[in-house]
Amino acid sequence: MLESVLVIGSGYLHFREYALRGLAQRYRVVLIGQRPLDWQLPYAAEYREADLQDEAAVLAAAEELASGNRIVGVVTWEEMLIARAAAVGARLGVPTMPLDAARACRDKAEQRRLFQEAGVPSARFHLAGSVAEAVEAAGAIGYPVVVKPRGRAASVAVQIVRSEAELRAAFDFARTSENAAIEDGLVLIEEFLVGPEISVDSWVLDGRVEPYAIALKRTGYAPFFEEVAHVVGTVLDPETEAAVREVVISSNRALGIDRTVTHTELMLTADGPKVVEVNGRLGGELIPRLAEIAIPGLSVGALLGAVATGREPDPVPRPERLVGIRFLYPAEDLVFEDIEVPAALADEPWVHEVQRVSDPGTELRLPPRQFLGRAGYVIATGSGIEEIDARLLKLADGTAVLGRPLPEPLPL
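Everything numeric in this text was worked out from a predicted model, so none of it was measured. (Residues numbered from 1 in each chain as written. Predicted model: local features only at pLDDT ≥ 70, side-chain atom pairs only at ≥ 80, totals over all residues. Heavy atoms only, no water.)

## Some remarks on the overall build of the protein chain
Inference 1: Assigned secondary structure in the protein chain consists of 13 helices and 19 strands.
Inference 2: Taking 22 Å as the expected radius of gyration for a compact globule of 412 residues, we find that the protein chain reaches 21 Å, a close match to that expectation.
Inference 3: Taking the principal axes of the C-alpha coordinates as reference, the protein chain spans close to 60 × 55 × 45 Å.
Inference 4: Per-residue burial over the protein chain gives 56% buried out of 412 residues.
Inference 5: In the protein chain, the proportion of contacts linking residues at least 24 apart, taken out of those at least 6 apart, comes to 67%.
Inference 6: When the accessible area of the protein chain is evaluated, it comes to approximately 17,200 Å², of which 49% is carbon and sulfur surface.
Inference 7: Positive and negative side-chain charges of the protein chain, numbering 41 and 60 respectively, have mean locations separated by a distance of 2 Å. (Helix = DSSP H or I, 4+ residues; strand = E, 2+ residues; numbered from the N terminus. Rg over C-alpha atoms; globule rule 2.2 N^0.38 Å. Buried < 20%, exposed > 50% of the residue type's maximum accessible area, 1.4 Å probe, protein only. Contact = heavy atoms within 4.5 Å. Areas by Shrake-Rupley, 256 points an atom, 1.4 Å probe, with all protein chains shown as cover. Lys, Arg positive; Asp, Glu negative; His and termini not counted. Charge placed at Lys NZ, Arg CZ, Asp CG, Glu CD.)

Next up, the structure:
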């Protein structure tokens with residue numbers, strides 16, 4: 001039987017094709033997806049369709065694929081499927097992310113507990129099951145605090161609160177089933193960490209944790225933390241980068257992560273780097289794709305395939321340039337039609353890509369009525385962080401998001 005890597009879920013075309021393409025260039029890919037193949041068709045040797053939210057259906061599809069293929073690695077880059085992929089690996093007898101580690105990657109409260117036990121610098125926290133408990137927790141920590149669901153990604157429904165009145169509203173918002181992902185009614189109340197926010201993508205294999213890409217994060221739509229832009233490359237001084245590397249390694253080991261790539265988010269506080277969370281998957285927001293642009297020769301898909309199959313990846317060189325992405329949002333809630341960038345701006349040599357990601361007719365609403373309601377994105381290169389930020393803003397401001405205003409906003 002042919003050696004194959006099983007991919008569970010493929011994500012969205014504009015945000016994950018680079019990963020599937022890179023994986024398929026090195027490994028034979030068999031895929032389980034929610035619906036028939038579309039853009040994934042050139043990359044998948046075999047395919048099974050299954051409801052990805054149905055564990056039994058996914059396991060059945062995996063066993064069917066395994067009957068005709070020798071599965072040597074199981075991967076996913078979808079946040080909600082991390083534990084499911086680990087369970088599939090265990091069922092098939094394929095070494096993969098340990099199930100307990102996968103579950104910890106989905107539970108921010110469990111992460112905090114494990115970090116505390118291992119001495120990994122992180123935020124002080126409490127779990128609250130009621131508004132009264134949340135108020136008590138915030139009083140013990142001290143305002144401002146951060147209120148967040150335990151199981152979401154991309155900073156969805158995470159917000160800063162500065163008073164008891166704000167806390168009461170934020171608590172109810174965070175624990176709704178739509179935002180919570182882990183539906184036990186418990187909400188994280190955390191210390192508000194002050195400093196620049198960064199993310200670090202790493203590969204992990206047999207206890208070895210190797211960071212390969214660092215990004216500066218830009219957020220917007222306060223008091224929420226909507227991720228609006230990132231800059232990837234050599235973005236830290238050597239001393240700070242060394243300190244970050246140490247904390248990233250200790251946090252990944254504290255969770256028992258193995259045979260995957262991870263996306264660790266940190267704050268660079270006055271007391272040093274502190275972990276916000278570790279995600280047991282490729283970074284989102286096209287950060288790994290930006291790393292490929294910044295580091296010639298890097299294939300993130302090939303790197304993921306290597307660790308998933310127990311092989312040490314090729315060495316990753318240092319970045320050769322800075323690359324940034326900024327997401328395009330409408331000025332108001334609307335029915336999206338298209339994006340339009342002036343030719344003179346699109347032809348600038350530092351413009352790497354302008355891409356629409358929403359289909360015409362899609363309703364786009366601004367946070368908090370909708371999170372990640374992007375019309376598209378712009379990517380730019382530059383010689384310095386400030387230059388990248390300025391170019392991204394110029395490109396985003398010059399790109400029109402066209403559409404028909406919605407008659408009235410959704411209730412919060």
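Structure's up, so let's keep going.
## Focus: the sheet that holds strand β2 (residues 29–33)
Inference 1: Spatially, four strands are ordered β3-β2-β1-β4 in an open sheet, and the strand pairing comes out parallel. At either end of the open sheet lies a strand with only one pairing partner, and these are β3 (46–49) and β4 (70–75). Each neighbouring strand pair of the sheet contributes to a mean axis angle of 25°, computed without reference to strand direction.
Inference 2: Looking at chain direction, β2 and β3 are connected through four bridges and run parallel. Considered in β3, the bridge of G33 is made with E49. (Pairing = 2+ DSSP bridges. Axes fitted to C-alpha atoms, helices over the stretch in contact; angles between N-to-C directions.)

## Details of the packing of helix α2 (residues 55–68) against helix α3 (residues 82–92)
Each pair of packed helices gets described by two things: the angle between the helix axes and the distance between those axes.
Inference 1: Interaxial distance between α2 and α3 falls to 10 Å at its minimum, and their mutual angle equals 45°. The angle between α2 and α3 falls in the class oblique. The two elements α2 and α3 cross, and the hand of that crossing is right-handed. Of α3, the residues touching α2 (which contributes E55, V58, L59, A62, E63 and A66) are R84, A87, V88, R91 and L92.
Inference 2: Residue composition of the contact of α2 with α3, by class: seven nonpolar, no polar and four charged. (Parallel < 35°, antiparallel > 145°, perpendicular 65-115°, else oblique. Left-handed = near helix turned anticlockwise from the far one by under 90°. Nonpolar A, V, L, I, M, F, W, Y, C, P; charged D, E, K, R; others polar.)

## Quick look at the sheet that holds strand β5 (residues 125–128)
Inference 1: Pairing is antiparallel in the open sheet, where four strands are placed in the order β5-β8-β6-β7. Of all the strands in the sheet, just β5 and β7 (159–161) have a single pairing partner and so form its edges. For this sheet, the mean angle separating the axes of adjacent strands, direction not counted, is 30°.
Inference 2: In this structure, strand β6 (residues 145–148) lies alongside strand β8 (residues 187–191), joined through four bridges in antiparallel fashion. For K148, the partnering residue across the bridge sits in β8 and is L188.
Inference 3: In the packing of helix α5 (residues 108–118) onto the sheet, contacts are made with β5, β6 and β8, and the angle to β5 comes to roughly 145°.
Inference 4: The sheet strands contacting helix α7 (residues 164–175) are β5, β6, β7 and β8, and the helix crosses β7 at an angle near 155°.

## Some remarks on the confidence of the model for the protein chain
Inference 1: Confidence in the prediction of the protein chain, expressed as mean pLDDT, is 93, and 95% of residues score 70 or more.
Inference 2: Confidence drops under pLDDT 50 across residues 177–181; counting only partners more than four residues distant or on other chains, this segment forms 17 contacts. (pLDDT = per-residue confidence, 0-100.)

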